[in-house]
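Residue strings, one per chain:
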Amino acid sequence: MSVIEGSVALVTGGRRGIGRAFVEELLQRGAKKVYATARRPDPSTDARVEVLALDVTDDTSVAALAEHARDVDLVFNNAGVLHPAPLLSADLQQVRAMFDTNVFGPLRIAQAFAPVLAARGGGVLVDMHSLLSWGAGGAAYGASKAALWSLTNSLRIELAAQRTQVVGVHLGFADTDMVAAMPVPKISAADVARTVLDGIERGDSEVLVDDVTRAIKSALSGPVEGLTIAIGR
């Protein structure tokens, strides 16, 4: 039986890029309702989509969302920010802000929605990582995604008792506004969404979306110098 058909899902950052693709793919697979969040929400023309304001860096905002959306079966921690800058010249305030969104934001969502998922029988929690979780070259952004990867693996252990499927997603670069200026090969957001939802349906704990990500993971047992990723400029 499909875990998506007839379900209710939450997608943070669900109005753009990969988040919007998740919303569309969930509906195509029979989800009956999707909460799509944004810092500045714009209404949807689809009655199955409820657009809500959310700031993942704000405890009160996250708590209000969890109180409102108490029928959620699948949670997609998709919201994130990218501020590309070398570590040695980066503004530390900007680095902290990136960690607050990319690491502590998903943790806030996980803490707030773990009881909701437990009440629904376990459900699914999806965290969006990156090939830069493993590879050098992503500066503070890569460091934040590496921290999120570790966090996800620990959450998987803590949520096992309530039968929550915790899925970590790794991918290279998708064709979204976030990386529009980067001259690198990109995959479509729709392909990302399809691959991730296929993994959820299979019961996977980890989804490696593309070949470059699979290659980087296979190199983890080798010399650390082999994990350098050329992003381009």
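In case you missed it, the structure is sitting above this.
Quick caveat, the model's predicted, so the values are computed rather than measured. (Residues numbered from 1 in each chain as written. Predicted model: local features only at pLDDT ≥ 70, side-chain atom pairs only at ≥ 80, totals over all residues. Heavy atoms only, no water.)

Some words on the packing of helix α2 (residues 59-68) against helix α3 (residues 92-119)
Let me state the cut-off plainly: Only the contacting stretch of a helix is used when fitting its axis, a line to C-alpha atoms as for every element, and angles between N-to-C directions run 0 to 180 degrees. Runs of E in the DSSP output that reach at least two residues are strands. Runs of H or I that reach at least four are helices, and both are numbered from the N terminus. Every angle not falling under 35 degrees, over 145, or within 65 to 115 is termed oblique; those three ranges are roughly parallel, roughly antiparallel and roughly perpendicular. Throughout, a crossing is termed right-handed when the near helix is turned clockwise from the far one, and left-handed when it is turned anticlockwise from it by less than a right angle. Contact between two residues is taken to exist if any of their heavy atoms lie within 4.5 Å; hydrogens are not considered.
Packing of α2 against α3 brings their axes to within 9 Å, and their N-to-C directions diverge by 20°. Comparing their axes, α3 and α2 come out roughly parallel. Handedness of the α2/α3 crossing: right-handed. Here Asp 59, Val 62, Leu 65 and Ala 66 of α2 lie close against α3, whose contacting residues are Arg 108, Ile 109, Ala 112, Phe 113 and Val 116.

Let's talk about helix α5 (residues 189-202)
In an α-helix, one turn spans 3.6 residues, which is why side chains three or four residues apart end up on the same side. The cut-off we apply is this: To estimate the expected span of a helix, subtract one from its residue number and multiply by 1.5 Å. Note on classification: 1.4 Å probe, protein chains only; a residue is buried when its accessible area is under 20% of the maximum for its type, exposed when over 50%, partly exposed between these limits. As used here, the arc belongs to the directions running from the helix axis to the C-beta atoms.
The terminal C-alpha atoms of α5, which comprises 14 residues, lie 20 Å apart, in line with the 20 Å expected from a rise of 1.5 Å per residue. Considered for burial, the residues of α5 that qualify are Ala 189, Val 192, Ala 193, Val 196, Leu 197, Gly 199 and Ile 200. The arc that holds every buried residue of α5, seen down its axis, measures 155°, which confines them to one face. Of the residues flanking the end of α5, it is Gly 203, one or two places downstream, whose phi is positive at about 85°.

Structural notes on the sheet that holds strand β5 (residues 124-128)
Selection rule: Pairs of strands are assigned from DSSP output, requiring at least two bridges between the strands.
Read across the open sheet, the 7 strands follow the order β3-β2-β1-β4-β5-β6-β7; overall the sheet is parallel. Both outer strands of the open sheet, β3 (49-53) and β7 (206-208), are each paired with one neighbouring strand and no more. Going from strand to strand, the sheet's axes swing by 15° on average, the running direction of each strand aside. Note: strand β1 (residues 8-11) against strand β2 (residues 33-38), 4 bridges, orientation parallel. Bridge pairing links Ala 9 to Val 34 in β2.

Here we look at the nonpolar core
If you look at soluble globular proteins, the nonpolar side chains tend to sit buried side by side. Just so we agree on the cut-off: As used here, the term nonpolar core means buried Ala, Val, Leu, Ile, Met, Phe, Trp, Tyr and Cys residues forming a set that is joined through side-chain atoms within 4.5 Å.
Counting residues in each nonpolar core, the largest one holds 30 residues, and the members touching the most others are Phe 22, Leu 26, Phe 76, Val 126, Val 169, Val 196 and Ile 200. Residues contacting Ile 200, with those up to four places away along its chain left out, are Val 3, Leu 74, Phe 76, Val 124, Val 126, Gln 165 and Val 167. Counting 25 residues, the second largest nonpolar core, distinct from the first, contains Tyr 35, Phe 113, Val 116 and Leu 125.

So, empty space enclosed by the protein
Gaps left between atoms show up when a probe the size of a water molecule is rolled over them. What counts here: Here a cavity denotes grid points, spaced 1 Å and computed from the protein atoms alone, that fit a 1.4 Å probe unable to get out, and a pocket denotes an open set having protein on both sides within 12 Å along at least 5 of 7 lines; residues with an atom within 4 Å of a point are the lining. Grid points are joined across faces, edges and corners, and a volume is the space filled by probe spheres set on the points. Polar here means any residue outside two lists: the nonpolar Ala, Val, Leu, Ile, Met, Phe, Trp, Tyr, Cys and Pro, and the charged Asp, Glu, Lys and Arg; Gly therefore counts as polar.
What the rule picks out here adds up to 1 cavity of 30 Å³ or more. The volume enclosed by the largest cavity comes to roughly 30 Å³. Lining the largest cavity we find His 83, Ala 85, Ala 90, Gln 94, Val 95, Met 98 and Ala 140. Per-element accounting of the lining of the largest cavity gives the leading share, 3 residues, to α3. Its residues assigned to classes, the lining of the largest cavity comprises 5 nonpolar, 2 polar and no charged.

Some thoughts on the packing of aromatic side chains
Our working definition: Here is the rule: rings of Phe, Tyr and Trp (six-membered ring for Trp) pair when centre to centre is within 6.5 Å. Planes less than 30 degrees apart are stacked, more than 60 are edge-to-face, and the remainder are tilted.
By the definition in use, this model includes 2 aromatic pairs. Between Phe 22 and Phe 76 the ring centres are 4.8 Å apart and the planes differ by 40°, which places this aromatic pair in the tilted class. You can see Phe 22 sitting in helix α1 (residues 17-28) and its partner Phe 76 sitting in strand β4 (residues 74-77), a full 54 residues away along the chain. In this pair, the class of Phe 22 matches that of Phe 76, namely buried.

As for the pattern of salt bridges
Selection rule: Each reported salt bridge corresponds to a side-chain nitrogen of Lys or Arg within 4 Å of a carboxyl oxygen of Asp or Glu.
In this structure the tally under the stated criterion is 14 salt bridges. Measuring nitrogen to oxygen at the nearest pair gives 3.1 Å for the salt bridge that ties Asp 42 to Arg 15. Residue Asp 42 is located in the loop between β2 and β3, and its partner Arg 15 is located in the loop between β1 and α1; the two are separated by 27 residues in the primary sequence. The network of salt bridges with common partners includes Glu 25, Arg 29 and Asp 198.

Bear in mind that shape data such as this cannot, by itself, settle questions of function.
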